[in-house]
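Read off the chains here:
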Amino acid sequence: MGELSMKIKMITRAAAVASVFALSGIAATAQAATLEDVKAAGELKCGINTGLPGFAFTDDNGKWAGFDVAYCRALAAAVLGDADKVKYVNLTGKNRFPALASGEIDILSRNTTWTFSRDLDLGFTFLGVSYYDGQGFLGRTSLGVKSAKQLDGASVCIQTGTTTELNLADFFRVNKIKYEPVPIETNEEARKAYEAERCDVYTTDASGLAATRSTFTKPSEHMVFPEIISKEPLGPLVRQGDDRWADIGRWVLFALINAEELGVTQANVDEMAKGTNNPEINRMLGTEGSLAAMIGLDKSWAINAIKAGGNYGEIFEKYLGKDTPLAIARGLNAQWNNGGLIYAPPMR
Amino acid sequence: MAKVGPHNSRVPLEIGRLMTDERSRAVILQLLVLLGVLLFFAFIVSNTIANLQRVGLASGFGFLSDAAFFDINQRLIEYTSQSSFGRALIVGLLNTILVSALGIIAATLLGFIGGVLRLSDNWIVSRLVTAWVEFTRNVPLLLQIIFWWAILTSLPKVRDSISIGGVAFLNNRGLRTPAPLFETGMEWVVAALFVAIVASVVLVRWARKRQEKTGKTFPSALATFCLIIGTPLIVYFLAGQPVNWDLPVRTRFNFRGGFNITPELIALWFALSTYTAAFISEIVRSGIQSVSRGQTEAASALGLSKNQTMRLVIIPQALRVIIPPLTSQFLNLTKNSSLAIAIGYQDLVSIGGTILNQSGQALEVVGIWMAVYLSLSLATSAFMNWYNKRIALVER
């Protein structure tokens, strides 16, 4: 038995004991509250899409922007006071849930549909609906098909691990028509396969279809079929078990929605913070009441959130509105008093 | 302090000298390390279970009988969106085995040819093969898979399909061939094939014995070929041709009927085969070069041609050196097939990932992956080890 092998054995044993203590340390922090973790880290870890025009994309300066990104910026502004203190983690349809469950991200803002099984079976808590969407089909006008029910025998590009995959199977089964699924991982791959005519039709949420169509050289050669075959309420989500963090995320979203309803914009929020005739605006912006103390954030949490990217309507217009390539109408996503479904509980 | 070594085993062990006696010190320290490792694993397991319970995720394999609700395009067995997760995993497993088996066969053939050609006397041939080997070995496999997929998707679109004899069609959605539909009477053909295989094994054995005794050679390769192809064929015609063909028919978007081989499967197969063949050709070359030159010289002194020398003298001896690293390459190919996810070929990893997403049972799915790949690897290496023992040179 040489001295060297003895030393190696000693070191191995010491390393094993040390790692036991290190891991117990990690286990201990995993149970701490997310709000404290975010404040201690000084940044919000936000899970976003790998790239979806309008929702999560890099602008000309290489910074992440989009509808889902704007929500994370508002949340970071409310919690940390600075909308830029966000670490973006790009996630595919496959690794988004393990990333959230493991603690790699604090919040998932990645056009994710709120469903029964995700809420109850996967152990997540949805914070609300930021975008009411539905699944549709995108195909070439040259196919000569007017309705999705005439797609018997078509090849359909579909992202694996999504609710769209399940809805697609159900739609074709119920209508007794057949299809060939072409599985793809990301929106980018789907676009390439669709353009190469590897598949006839691409199916995903209607907002994603509009985003993809906007990137084609001749968008008018492609059409979104009239059938919307599912409800896809998209919204941010967090891990189960941390009610405080969920409440914070929820009420930041509601603050943005209420701000649009009450007429508070990015431009006039500072003016309104000085005091207005509307008690609800005053409560939200902190001149009356003690909402900030109740939520446990800084007094100007809502002001910072609204200043980060504007209210809900401004964010929608900037990334999905008529001046963008996507040109999505408000439709279901208009305010409740404007014919839509966007409705937030009162700030009282 | 005096060290008591193993050569002093006649010196009895005293309690007071437990830590200084080399024998007992070794045992005690190893027991402590083992205890440390066991505690470490016990901690990991209990921590995982505690965290799962805290987050509220169920564990256990019961989810495998839940309905899958998603479709799979390339499949070897019956499967619908109403089938269970377990069945989906089996479809994925069969896809993995299919592409791995095809890849292993093609890679071995290509690799052997490449290795022998690399040692050819023809300067151009050997330089070309060297260039191919160096290029293919150094480009990451993922890029090669995507490259082949890009080539295959640039094949003509469905409406411009290349027709092969009017019964098979090639386009960028795959190769559509007629599918055989077996009717009654097919069992006789299968039985005839089985009988032919047994007969050819017996024939080869008999031919070898006769050659050892009398030195007369027998064209056993040709005879085996005729037997295995001919007997089932004769029975097939005698039984009234019990095979109907399901011909592909053009529909509005695609073809219906027949058997489709997707471009994803072909791209993955080509990429895996050429990549692994480059490594195998180097292994084969080193095996051939390991056989001493004396063997080649003795064989030519006996009057054997270059071809016969390679086939009868060099390769059998080279195989002793080739087989063990060849096993590693086969295992690598099997595991590399999991890159299928990059182009949408639904193998075990791809389907497992979908199930992981839909059911949330990450640990169970990863456990299944590990168990399956481990079993595949162990089975492959067990077979190769048996083959290795069989062809090992038995010293007199």
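Rules behind the numbers
- Residues numbered from 1 in each chain as written.
- Chains lettered and ligands numbered in written order.
- Predicted model: local features only at pLDDT ≥ 70, side-chain atom pairs only at ≥ 80, totals over all residues.
- Helix = DSSP H or I, 4+ residues; strand = E, 2+ residues; numbered from the N terminus.
- Contact = placed C-beta atoms within 7 Å.
- Core = buried A, V, L, I, M, F, W, Y, C linked by C-beta atoms within 7 Å.
- Buried ≥ 20, exposed ≤ 12 C-beta atoms within 10 Å, placed from the backbone.
- Domains from an automatic or database assignment.
- Expected span 1.5 Å × (residues − 1).
- Bend = angle between axes of the 7 residues up to and from the residue.
- Axes fitted to C-alpha atoms, helices over the stretch in contact; angles between N-to-C directions.
- Parallel < 35°, antiparallel > 145°, perpendicular 65-115°, else oblique.
- Left-handed = near helix turned anticlockwise from the far one by under 90°.
- Nonpolar A, V, L, I, M, F, W, Y, C, P; charged D, E, K, R; others polar.
- Pairing = 2+ DSSP bridges.

**Concerning the overall build of chain A**
Okay, step 1: Summing up its helical and strand segments, chain A has 14 helices and 13 strands in all.
Okay, step 2: Each principal axis of the C-alpha atoms in chain A carries an extent, and together these give about 80 × 75 × 40 Å.
Okay, step 3: Across chain A, every contact between residues at least 6 apart in sequence was considered, and the portion connecting residues at least 24 apart equals 73%.

**Describing the nonpolar core**
Okay, step 1: Within the largest apolar cluster, 153 residues are counted, with the highest numbers of intra-cluster contacts made by Ala305(A) and Leu268(B).
Okay, step 2: Of the residues forming this core, the biggest block, 15 residues, is contributed by helix α7 (residues 263-290) of chain B.

**Here we look at the domain arrangement of chain B**
Okay, step 1: Looking at chain B, the domain boundaries give domain 1 (6-53) and domain 2 (85-178 + 247-391).
Okay, step 2: When each unit is reduced to the centre of its C-alpha atoms, the spacing between domain 1 of chain B and domain 2 of chain B is 45 Å.

**Quick word on helix α6 (residues 220-238) of chain B**
Residues and elements named next belong to chain B.
Okay, step 1: Compared with the 27 Å implied by 1.5 Å per residue over 19 residues, the 26 Å span of α6 between its first and last C-alpha is a close match.
Okay, step 2: The largest bend along α6 measures about 25 degrees and falls at glycine 230, with the proline proline 232 one to four residues further on.
Okay, step 3: Downstream of α6 by one or two residues, glycine 240 has phi in the positive range, about 85 degrees.

**A few points about the packing of helix α2 (residues 85-118) of chain B against helix α9 (residues 306-336) of chain B**
Geometrically, a packed helix pair is captured by the angle between its two axes and the distance between the axes.
All names here are of chain B.
Okay, step 1: Close contact between α2 and α9 brings their axes to 11 Å; oriented N to C, the two are set at 140 degrees. Between α2 and α9, the interaxial angle falls into the category oblique. Considering only the axes of α2 and α9, their crossing is right-handed. Touching Ser100, Gly103, Ile104, Ala107 and Val116 of α2 are Met310, Phe330, Leu333 and Thr334, all from α9.
Okay, step 2: Here the residues of the contact of α2 with α9 sort into six nonpolar, three polar and no charged.

**What to know about the sheet that holds strand β3 (residues 174-177) of chain B**
All names here are of chain B.
Okay, step 1: Spatial ordering of the open sheet is given by β1-β2-β3-β8, a layout of four strands whose pairing is antiparallel. At either margin of the open sheet sits one strand with a lone partner, and together these are β1 (162-164) and β8 (259-261). For this sheet, the mean angle separating the axes of adjacent strands, direction not counted, is 20 degrees.
Okay, step 2: Where β3 meets β8, three bridges bridge the pair, whose relative direction is antiparallel. Looking across to β8, one finds that threonine 177 is bridged to phenylalanine 259.

**Section: the environment of Ser84(B)**
Okay, step 1: Note on placement: Ser84(B) falls in the loop between α1 (22-55) and α2.
Okay, step 2: Look past the residues within four positions of Ser84(B) in its chain and what remains in contact with it is Leu64(B), Ser65(B), Asp66(B), Ala67(B) and Ala68(B).

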